[in-house]
Amino acid sequence: MTKKVPLYYGAMGLILIAVGLFQSWAVAFGILNLCLISAIMALGVNMQWGYAGLFNVGIMGFTALGGLAAVLVSMAPVGEAWSVAGGDLALSLLSLVATVAAILFARRKFARTLRPYVTVLLLIAGYFLISHFFLPATDRIEAIDPALSGYLGGLGLPILLAWPVGGLVAAGAGWLIGKISLGLRADYLAIATLGISEIIIAVIKYEEWLSRGVKNVTGIPRPVPYEVDLVEADWFLSLTRTFGVSDVSDAAGIFVKICYALLFIAVLAVIMWLAERALQSPWGRMMRAIRDNRDAAAAMGKDVKARHLQVFVLGCAVCGVAGAMLATLDGQLTPTSYIPLRYTFLIWVMVILGGSGNNWGAVLGGFVIWFLWVQAEPLGAWFMTVITMPLPEESGLAQHLMAGSVYMRYLLMGAILLLVMRFAPKGLIPER
Amino acid sequence: MDIANAFALLSNFVLVPAIAYGAQLALGALGVTIIFGILRFANFAHGEMMSFGAMAAILATWGLQAAGIGIDPLPTALLALPVGILAAVAMALLTDRFVFRFYRRKRSNPIVFAIVSVGVMFVMAGLIRIIIGPDDQSFADGARFLFTVRDFREATGLEQGIGVKQTQLITVVVALVVVAALFWFLQKTRWGKAMRAYSDDEDLALLSGINPEKIVMIAWVISAALAAIAGTLYGLDKTYKPFIFLQILLPIFAATILGGIGQPVGAVLGGFIVAFSEVTVTYAFKRFLAYLGPDGWAPEGLVQLLSTDYKFAVSFVILVAVLLVRPTGIIRGKVI
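Engineer: Describe the overall build of chain B, and please don't skip the residues or the numbers.
Structural biologist: A count of helices and strands for chain B gives 14 helices and two strands. By the compact-globule yardstick of 20 Å for 336 residues, chain B fits well, its C-alpha radius of gyration being 21 Å. Within chain B, buried positions represent 57% of all 336 residues. The long-range fraction of contacts in chain B, counting pairs at least 24 apart against all pairs at least 6 apart in sequence, stands at 75%.

If you want it as structure tokens, here you go:
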């Protein structure tokens, strides 16, 4: 069984090398980078599902929060926005804190029967108080040079800092949602996470003062050199001469991708090491004991709900880190690109195919499924060409089917999920 | 102070749309709650099932329109609805036979069912996008309005009018008929009673000689038929877009849990509550308050509690409130 791991990983490596040789190295490294990010997301989901049996359908939201963190940490602050609206924003924050404090205080002081009414009343009052300061402030921010900024900007800190911050933000959201829905029946968590992820995306999409919304934030700083600088740098030119590469700009593109790959591999290695250590520690054994029989574990004195919350938050944090890395790689935050089929359910297919409960499996699943997802497009087009062969070239049906060939990837992913669940529920690399 | 105008305004923008939307959500939630009650899992493929049924109905509508068959002034889609229902039922029975039956016999965990339903959702989403494409499709025809805002104004002499789209009335009437038929089936017929018994206590039902395979089959047929009707009505009332059906899953689940899982009455109630809260919270009450207040006065802002962009947030808040306050739902449902 342990022989399987190097075998599968070797095969995956060979396939990527084959892509490099037969398609192009730029494509191969492009796929590798997203494979690495997918693998990290899959690790996060594997912690929740594989270790603890929690069904999180909101991965998209936690990834998007990571992307938002990348913007908020690394973009340069928009000074003008802060100066026209900073005071009002501070006041709205203050009134938010005051509202929360007032509600907490009232809930302690008032009699049980009065509590819900007082809470609702305070909520409404707080709502109007906050919006009194908040709405004019955001209008003023969004009015500043809308084509270029129109948002608060970030902190202007190094982008690499955004990766752990993305993890922290996602962990915070995970704690909140876990606190509410863990401990109830299992599919409630799924539905609640589905909801929170849609809300997070809506916030990023429509709160322009925060994230520029659908106008997208582009030009997120890079942790690696830019191609335009590379082709002029002497050390890089001499490097290309040593390797005997003729096309310098192509080499620069590949060099940048390799830099990203190295960074991502470092992050993946750290998370993998921690995840493996955690799984093999007494804590990991306890998690699996809870998963396999929560009543027995509870009878042994384990606090099931607290442990679930813990592992749920950890998994969300890992997804947040991956989301920040994804925004860094793209160099932009495009809220409209976050769709659940791609960012939530695809990650699930990765974990199920790789082997739930096994970190090596989850990572492998991330690689295999991302590779298939990318390659399903030419594969689908080829498949459609074959089945429309008997039809004349100009037939409407043939053209319609060709246009739909992109969506063969959904079909393929669904089929993989169903077949694995049915015939190999333990996945490629089963849990030890 | 002008109560009549204020009420007309509110009816036009809140009451009428919310009733139509509530009827669509109620039909969707009924389908989810029946699968929850009988098969005991959250069916994530239900949204795509609605989309699939609607798609079949749209294709049939186009066929009928091309052949020149119609039931003017009613929309042709009503005539094509049986095709959509048949397609959805066939799809549901096929997925049950080839996918879900295996796990049922193994008595798998509900979560395994839910994950498998995600696989079904993927497959159906792919099929739908290959067959009809990812874009908007319009298929509504026939008369557009039952009566327009202007008709109403001329008839009553009020400043504000109420317009009712024909599709809104059809939605409500069809939903009423379907729900009435469903409740009659569940309450009065032998199989309906067997279903309720099975939903209450599986083992006891088995001991009484109820055939579980048949119950499950009926559950799928009802759920898929409801999904096809809900999907077609939603498409007719708004517009048919494949991606919308993943988003509508959230209000439907919220309605199901709010009503109490496995409780048909609760699902209908939940659907209307979710729809009304969504429409009310995202409506700008400025003009409504201006009519109620003294002459010439109007509130400063829009008096809109939440921008329409955040309408999911309403379902979500309802969901969270139910989970915190009364996890069993309004009508005590199952809690596992």
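After that view, the rundown keeps rolling.
Engineer: Which residues make up the pattern of salt bridges, and what values go with them?
Structural biologist: Residue and element names in this part refer to chain A. The full count for this structure, using the stated rule, is 12 salt bridges over all chains. Here D88 and R140 are joined by a salt bridge, their closest N and O atoms 2.7 Å apart. Linking D88 in helix α4 (residues 79-109) with R140 in helix α5 (residues 115-143), this pair joins segments that are 52 residues apart in sequence. Take D88: its relative accessible area is 21%, and that puts it in the partly exposed class. Here R409 and E377 are joined by a salt bridge, their closest N and O atoms 3.1 Å apart. With a gap of 32 residues between them, R409 in helix α18 (residues 408-423) and E377 in helix α16 (residues 359-387) connect regions that are remote in the sequence. Judged by its relative accessible area of 15%, R409 is buried. Judged by its relative accessible area of 38%, E377 falls in the partly exposed class. Overlapping salt bridges bring together R288, R291, D292 and E431 as one network.

Engineer: Describe the domain arrangement of chain A, with residues and values.
Structural biologist: All names here are of chain A. When its domains are assigned, chain A resolves into domain 1 (4-77 + 153-423) and domain 2 (78-152). Interface of domain 1 and domain 2: buried area, both sides summed, is about 980 Å²; carbon and sulfur atoms make up 53% of it. The three residues of domain 1 that bury the most area against domain 2 are G153, W209 and R212, which together make up 61% of that side's buried surface. The interface formed by domain 1 and domain 2 includes zero salt bridges. Where domain 1 meets domain 2, there are four residue pairs in polar contact (both at pLDDT 80 or more).

Engineer: Describe helix α2 (residues 46-67) of chain B, with residues and values.
Structural biologist: Residue and element names in this part refer to chain B. Here α2 contains 22 residues, and its C-alpha end-to-end distance of 32 Å stays within 8% of the 32 Å for a straight helix at 1.5 Å per residue. When you tally the buried positions in α2, you get 16 out of 22 residues, the bulk of the element. In the segment just after α2, G68 is the residue with positive phi, at about 80°.

Engineer: Please set out the nonpolar core residue by residue, giving values where relevant.
Structural biologist: Counting residues in hydrophobic clusters, the biggest one holds 241 residues, and the most contacted among them are F55 of chain A together with F44 and M195 of chain B. Considering each element in turn, this core owes the most residues, 17 residues, to helix α2 (residues 25-51) of chain A. When residues of this core are assigned to domains, at least three map to each of domain 1 (4-77 + 153-423) and domain 2 (78-152) of chain A. Residues within four places of M195 of chain B in sequence aside, it is in contact with I34, I38, F185, L186, I215, I218, A219 and I222 of chain B. Judged by nonpolar contacts, the second largest core, of nine residues, contains L9, V279, Y283 and Y291 of chain B.

Engineer: Can you lay out empty space enclosed by the protein for me, pointing to particular residues and giving the numbers?
Structural biologist: All names here are of chain A. Following the criterion strictly, the structure yields one cavity of 30 Å³ or more and no others. In this model, the largest cavity occupies a volume close to 50 Å³. As for the largest cavity, its lining consists of L326, A327, D330, Q332, L333, T334, S337, Y338 and Y343. Elements represented by at least two residues in the lining of the largest cavity include exactly α14 (304-330) and β2 (332-333). Here the lining of the largest cavity takes three residues from α14, the largest share from any one element. In terms of residue class, the lining of the largest cavity is built from five nonpolar, three polar and one charged.

Engineer: So what about unusual backbone geometry? Which residues, and what values?
Structural biologist: Residues and elements named next belong to chain A. Located in the positive-phi region is N216, a residue other than glycine, with phi close to 65°. Looking at the secondary structure, you find N216 in the loop between α8 (208-211) and β1 (217-218). Since its relative accessible area comes to 17%, N216 is described here as buried.

Engineer: I'd like a rundown of the packing of helix α6 (residues 166-188) of chain B against helix α9 (residues 212-237) of chain B, residues and numbers included.
Structural biologist: All names here are of chain B. Contact geometry for α6 and α9: axes closest at 9 Å, N-to-C directions at 170°. Taken together, the axes of α6 and α9 are roughly antiparallel relative to one another. Residues T167, Q168, I170, T171, V174, V178, L182 and F185 of α6 form the contact with α9, whose own contacting residues are I218, I222, L226, I229, L233, L236 and D237.

Engineer: With reference to specific residues and values, describe the environment of I215 of chain B.
Structural biologist: Residue and element names in this part refer to chain B. By the secondary structure assignment, I215 is in helix α9. Placed 212 residues apart in sequence, I215 and I3 show a C-alpha to C-alpha distance of 52 Å. When near neighbours in sequence (up to four residues on either side) are disregarded, I215 contacts I38, W191, A194, M195, Y198 and I210.

Engineer: Outline a nonpolar patch on the surface, supporting the account with residue identities and numerical values.
Structural biologist: On the surface, a cluster of nonpolar side chains totalling about 530 Å² of accessible area is made up of V120, L123, I124, Y127 and F128 of chain A together with L305 of chain B. Structurally, Y127 of chain A is set in helix α5.

Engineer: Tell me about the packing of aromatic side chains, and name the residues and values.
Structural biologist: Across all of its chains, the model carries 32 aromatic pairs over all chains by this definition. Ring centres of W163 of chain A and F264 of chain A lie 5.8 Å apart, and the angle between their planes is 45°; this geometry places the pair in the tilted category. Here F264 of chain A lies in helix α11 (residues 248-280) and W163 of chain A lies in helix α6 (residues 162-181), a separation of 101 residues in the sequence. The interplanar angle of 50° and the centroid separation of 5.7 Å between the aromatic rings of Y407 of chain A and Y410 of chain A together place this pair among those described as tilted. For the pair shown, Y407 of chain A and Y410 of chain A are each scored as buried. Residue placement shows R409 of chain A over the ring face of W373 of chain A; its charged tip is 4.4 Å from the ring centre. Above the face of the W191 of chain B ring, R190 of chain B is positioned so that its terminal group lies 5.6 Å from the ring centre.

Engineer: How would you summarise the side chain of T282 of chain B if you had to cite specific residues and measurements?
Structural biologist: All names here are of chain B. The residue T282 is located in the loop between α12 (264-281) and α13 (286-292) in this model. Under the relative-accessibility criterion, T282 is labelled buried at 11%. Discounting residues that sit within four places of it in the chain, T282 has contacts with Q304, L306, S307, T308 and K311.

Engineer: Let's hear about the packing of α12 of chain B against helix α14 (residues 311-325) of chain B: which residues, and what values?
Structural biologist: Residue and element names in this part refer to chain B. The interhelical angle for the contact between α12 and α14, taken along N-to-C directions, is 135°, at an axis separation of 9 Å. As far as their axial angle goes, α14 and α12 are oblique. Of the two possible hands of crossing, α12 and α14 adopt the one that is right-handed. Together, V274, S277, E278 and V281 of α12 and K311, V314, S315 and I318 of α14 make up the contact between the two elements. Broken down by class, the residue content of the contact of α12 with α14 amounts to four nonpolar, two polar and two charged.

Cut-offs used in this document
- Residues numbered from 1 in each chain as written.
- Chains lettered and ligands numbered in written order.
- Predicted model: local features only at pLDDT ≥ 70, side-chain atom pairs only at ≥ 80, totals over all residues.
- Heavy atoms only, no water.
- Helix = DSSP H or I, 4+ residues; strand = E, 2+ residues; numbered from the N terminus.
- Rg over C-alpha atoms; globule rule 2.2 N^0.38 Å.
- Buried < 20%, exposed > 50% of the residue type's maximum accessible area, 1.4 Å probe, protein only.
- Contact = heavy atoms within 4.5 Å.
- Salt bridge = Lys/Arg side-chain N within 4 Å of Asp/Glu carboxyl O.
- Domains from an automatic or database assignment.
- Buried area = accessible area lost by both parts, 1.4 Å probe.
- Polar contact = N/O pair within 3.5 Å; in protein donor to acceptor, adjacent residues only side chain to side chain.
- Expected span 1.5 Å × (residues − 1).
- Core = buried A, V, L, I, M, F, W, Y, C linked by side-chain atoms within 4.5 Å.
- 1 Å grid on protein atoms, 1.4 Å probe; cavity = no way out; pocket = protein on both sides within 12 Å on 5 of 7 lines; lining within 4 Å.
- Points joined across faces, edges and corners; volume = space filled by probe spheres on them.
- Nonpolar A, V, L, I, M, F, W, Y, C, P; charged D, E, K, R; others polar.
- Axes fitted to C-alpha atoms, helices over the stretch in contact; angles between N-to-C directions.
- Parallel < 35°, antiparallel > 145°, perpendicular 65-115°, else oblique.
- Patch = residues over 30% accessible without salt bridge, like charges linked within 9 Å, V, L, I, M, F, W, Y side chains within 5 Å.
- Areas by Shrake-Rupley, 256 points an atom, 1.4 Å probe, with all protein chains shown as cover.
- Phe/Tyr/Trp six-rings, centres within 6.5 Å; stacked < 30°, edge-to-face > 60°.
- Lys NZ or Arg CZ within 6 Å of the ring centre and 35° of its normal.
- Left-handed = near helix turned anticlockwise from the far one by under 90°.

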